[in-house]
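The residues making up each chain are set out below.
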Amino acid sequence: MERLPAGTVCTGKWTHRTVRIERMLGEGANGAVYLVSGKQGYAAMKLCNQSADAALEWNVLEKVSRTQSSFPGPICIDDWDWRGETLYFYLMEWISGESLEKLLPSLNPRDYLRVVEQIAAGLDTLHQAGMAFCDIKLENIMVMADAGLAVRFVDVGGVTPFGRSVRQFTPNSDRAFWNLGSRRSEPGYDICGLCLSLALAEVKSLPGHLYQWSPEERNRWLQRAIRTLPRRWTIPVLTDGMNGTITSAKEFLDDWRQGFLQTQARLAQVRRPPSPQQIRNRSRRNRPGGRQRQRQRRPRGQGASRTMDWTERLMWVSLTLAACMACVVWATLFGWSP
Amino acid sequence: MMETKGTIRQILVITDGCSNVGGDPVEAAQRACKQGISVNVIGVVDKGETGLQGKEEALSIADAGGGMCRIVQPTDLSATAQMMTHQTMQSTLQDVVNQELLQLMGKGTEDLPPQERSRVIQVVDKLEETVTLQVVVAVDTSASMRDKLVTVREAIRDLALSLQAREGLSQVAVLVFPGSAEEMVGVVHPFENQLNMSLLEAMLIARGGTPTGPAIDEAIALFSRQRDVAGNSPWHADDPAVSE
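Rules used throughout
- Residues numbered from 1 in each chain as written.
- Chains lettered and ligands numbered in written order.
- Predicted model: local features only at pLDDT ≥ 70, side-chain atom pairs only at ≥ 80, totals over all residues.
- Heavy atoms only, no water.
- Pairing = 2+ DSSP bridges.
- Helix = DSSP H or I, 4+ residues; strand = E, 2+ residues; numbered from the N terminus.
- Contact = heavy atoms within 4.5 Å.
- Axes fitted to C-alpha atoms, helices over the stretch in contact; angles between N-to-C directions.
- Salt bridge = Lys/Arg side-chain N within 4 Å of Asp/Glu carboxyl O.
- Buried < 20%, exposed > 50% of the residue type's maximum accessible area, 1.4 Å probe, protein only.
- Buried area = accessible area lost by both parts, 1.4 Å probe.
- Polar contact = N/O pair within 3.5 Å; in protein donor to acceptor, adjacent residues only side chain to side chain.
- Nonpolar A, V, L, I, M, F, W, Y, C, P; charged D, E, K, R; others polar.
- Patch = residues over 30% accessible without salt bridge, like charges linked within 9 Å, V, L, I, M, F, W, Y side chains within 5 Å.
- Areas by Shrake-Rupley, 256 points an atom, 1.4 Å probe, with all protein chains shown as cover.
- Arc of directions from axis to C-beta.
- Parallel < 35°, antiparallel > 145°, perpendicular 65-115°, else oblique.
- Left-handed = near helix turned anticlockwise from the far one by under 90°.

### What to know about the sheet that holds strand β9 (residues 141-144) of chain A
Residue and element names in this part refer to chain A.
So, step 1. Pairing within the open sheet is antiparallel, and its three strands lie in the order β7-β9-β10. In this open sheet, the two edge strands, each paired with only one partner strand, are β7 (98-99) and β10 (150-153).
So, step 2. Across two bridges, β7 lies against β9 in antiparallel orientation. Paired with Ser99 across the strands is Met142, a residue of β9.
So, step 3. Contacting β9 and β10, helix α3 (residues 109-128) runs over the sheet at an angle of about 45 degrees to β10.

### Points about the pattern of salt bridges
So, step 1. Counted according to the given criterion, the structure contains 24 salt bridges over all chains.
So, step 2. Taking the shortest distance from any N to any O, the salt bridge between Glu216(A) and Arg157(B) comes out at 3.8 Å. Pair noted here: Glu216(A) is in helix α5 (residues 215-225) and Arg157(B) is in helix α5 (residues 149-164), and the two residues belong to different chains.
So, step 3. The partly exposed category is assigned to Glu216(A), whose relative accessible area is 25%.
So, step 4. Here Asp217(B) makes a salt bridge to Arg31(B), at a shortest N to O gap of 3.0 Å. With Asp217(B) in helix α6 (residues 212-228) and Arg31(B) in helix α1 (residues 25-34), this residue pair connects regions lying 186 residues apart in the sequence.
So, step 5. Of the residues examined, Asp217(B) reaches a relative accessible area of 31% and is grouped as partly exposed.
So, step 6. Members of the salt-bridge network, linked through shared partners, are Glu216(A), Arg153(B), Glu154(B), Arg157(B) and Glu201(B).

### Examining the interface of chain B and chain A
So, step 1. Across the boundary between the two partners, chain B contributes 32 residues, which contact 29 residues of chain A.
So, step 2. In this assembly, chain B packs against chain A so that about 2,600 Å² is buried in total across both faces, 48% of it on carbon and sulfur atoms.
So, step 3. A per-residue breakdown of the area chain B buries against chain A is headed by Pro114(B), Asp125(B) and Ala165(B), which together make up 18% of the total.
So, step 4. The interface formed by chain B and chain A holds six salt bridges in total.
So, step 5. The partner of Asp125(B) in a salt bridge is Arg167(A), with the nearest N and O atoms 3.2 Å apart.
So, step 6. Linking chain B to chain A there are twelve residue pairs in polar contact (both at pLDDT 80 or more).
So, step 7. Elements with a minimum of two residues in the side of chain B that touches chain A: α3 (77-105), α4 (114-130) and α5 of chain B.
So, step 8. With nine residues, α4(B) is the single largest residue contributor to the side of chain B that touches chain A.
So, step 9. A per-class count over the side of chain B that touches chain A returns eight nonpolar, eleven polar and 13 charged.

### A closer look at the side chain of Gln90(B)
So, step 1. Within the secondary structure, Gln90(B) is located in helix α3.
So, step 2. Those residues in contact with Gln90(B) that lie beyond four places of it in its chain are Gln50(A), Ala52(A), Asp53(A), Leu56(A), Val124(B) and Glu128(B).

### Quick notes on a nonpolar patch on the surface
So, step 1. A cluster of nonpolar side chains, namely Met315(A), Trp316(A) and Leu319(A), defines an oily patch on the protein surface of about 280 Å² accessible area.
So, step 2. Tracing the backbone shows Leu319(A) in helix α9 (residues 310-333).

### Things to note about the environment of Arg207(B)
All names here are of chain B.
So, step 1. On the secondary structure map, Arg207 appears in the loop between β6 (186-189) and α6.
So, step 2. Taking the C-alpha atoms as reference, Arg207 lies 7.8 Å from Arg146; in sequence the two are 61 residues apart.
So, step 3. In this view, Arg207 contacts Thr141, Ser142, Ala143, Pro178, Gly179, Ser180 and Ala181; residues no more than four positions away in its chain are not counted.

### Quick word on α1(B)
All names here are of chain B.
So, step 1. When α1 is considered as a whole, its buried residues turn out to be Pro25, Ala28, Ala29 and Ala32. Looking down the long axis of α1, one finds its buried residues gathered within 100 degrees of arc, a one-sided arrangement.
So, step 2. The N-capping residue of α1, defined by a side-chain oxygen 3.1 Å from the backbone nitrogen of Val26, is Asp24.
So, step 3. One or two residues past the end of α1 sits Gly36, with phi positive at roughly 85 degrees.

### As for the packing of helix α1 (residues 51-65) of chain A against α4(B)
So, step 1. Contact pair α1(A) / α4(B): the axes reach a minimum separation of 9 Å and the direction vectors enclose 95 degrees. Between α1(A) and α4(B), the crossing angle belongs to the class labelled roughly perpendicular. Side by side, α1(A) and α4(B) meet where Ser51(A), Ala52(A), Ala55(A), Leu56(A), Trp58(A), Asn59(A) and Glu62(A) of the first sit next to Gln115(B), Arg117(B), Ser118(B), Ile121(B), Gln122(B) and Asp125(B) of the second.

### Some points on the packing of α3(B) against α4(B)
Residues and elements named next belong to chain B.
So, step 1. Contact geometry for α3 and α4: axes closest at 9 Å, N-to-C directions at 130 degrees. With respect to their mutual orientation, α3 and α4 come out oblique. Considering how the two elements wind past one another, α3 and α4 form a crossing that is right-handed. Together, His86, Met89, Gln90, Leu93, Gln94, Val97 and Leu101 of α3 and Val120, Ile121, Val124, Leu127 and Glu128 of α4 make up the contact between the two elements.
So, step 2. A breakdown of the residues in the contact of α3 with α4 according to their chemical character gives eight nonpolar, three polar and one charged.

Everything listed here is a matter of geometry and, on its own, says nothing about what the molecule does.
Okay, structure coming up:
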């Protein structure tokens, strides 16, 4: 489907609603998302070539909006006859902000903790409604920096009721790809997908031939790679989430917070000023070094209890011998004969 | 398009070039279509190659078979195979539902307003998840496919993982063309309860020409034999994971 230029006007066939295309927000396998403006302000428009794609996503949007608000709110669904073709679209709430994919490298530890807490809370609400997000990836998670780092989800294309095969997925955050479980919709699928997304975002580089490896080989690489993550405190909880030990968003939230608090406690201990006992211990450790320096300055013979080790004995013997040899040589030079 | 039991049958041809041995593949695809079997074609090209030799033929085979055609890189093979299986199923089911609507109400889905249309598509979506699906993957193992066969094998395994998660019954068979010895087609994996990865090892040998036509005919024969075999239970959603 060709890109629509800014300024294109779209009129719905059934609702007769008119909107103006401002710019493209994203493009996917089954269509594109545009920012549009109309009488009621800004909105996001998902435009598809096939009516089934628009209709299915609209159904999901309506269904999730009844129980939670992480996803965009639905506005309307319609057809559009454009240049002899019928295109299918729906309008939804426009979610501004930056994707977590772009924002992640710049987040400080406390903000990172909070953002992921909110993702887990959003997932929990979705799971209570009997559905899994399924296509969890950092580019589908939007963070509102000017709204206290509020988190919203975009792209309902993958949302699947529990028990069914996952409707849409991305290999990197799909647990079956990494031999970590089935491709069936359930809360654990989302927890695993979240942990995979967070972990792989911090891994230096992915191997080039992933698609030629078996799932078992990919799993082995993954288990090694996760131990190299820079945010060490995340390793236990992300490992548990990936390997299926954590199966609910609430469990994940608890473990995530615990991991962070424990690491903060350890850091606090390191930074506290030393106690008097610690100072005494430190100076006791320093004394052998002082003794070393004194030994070198003190002339030989003093300190009756001090014993000489064999290297020192050898040194003195060699020096004495060398001195004697030198004296004999000089004496011979000056005419003395033994 | 569907049997009375409600089974969807598809042939997925994975090839990197023109057929040059045996009968006309376009005619074979037409025969498949008449029997209610959709034929999809994936053309695989590596980065260095200029384009698919026989792209026209691939498009014609898919057209005649009522299916889709895509030309992709090996890394996109898995995602494309799954997308095409899903799209073709959806399209087949939509046709069926559309026919019913036309008979009942005198108008098809496209004439309905979008809100009502989306309720119809929900029915199609549910059917897609629960209907029995049989897929024969026909893999080109001519000499030029040598470097791509490992990726093809993993793409088949990945497709099997997706299909196994469905609520409905799924069966996958794999045949190669050319086959071993002097035969034009070899069935390396018949329709079975679980995907047996060790059988797919036989798929990794690449040599010879490209008998696409005979491969499609053999796939049609596989479907007939499967229909005749009683009591052969296909995969069920409760089966354990795909075995090695």
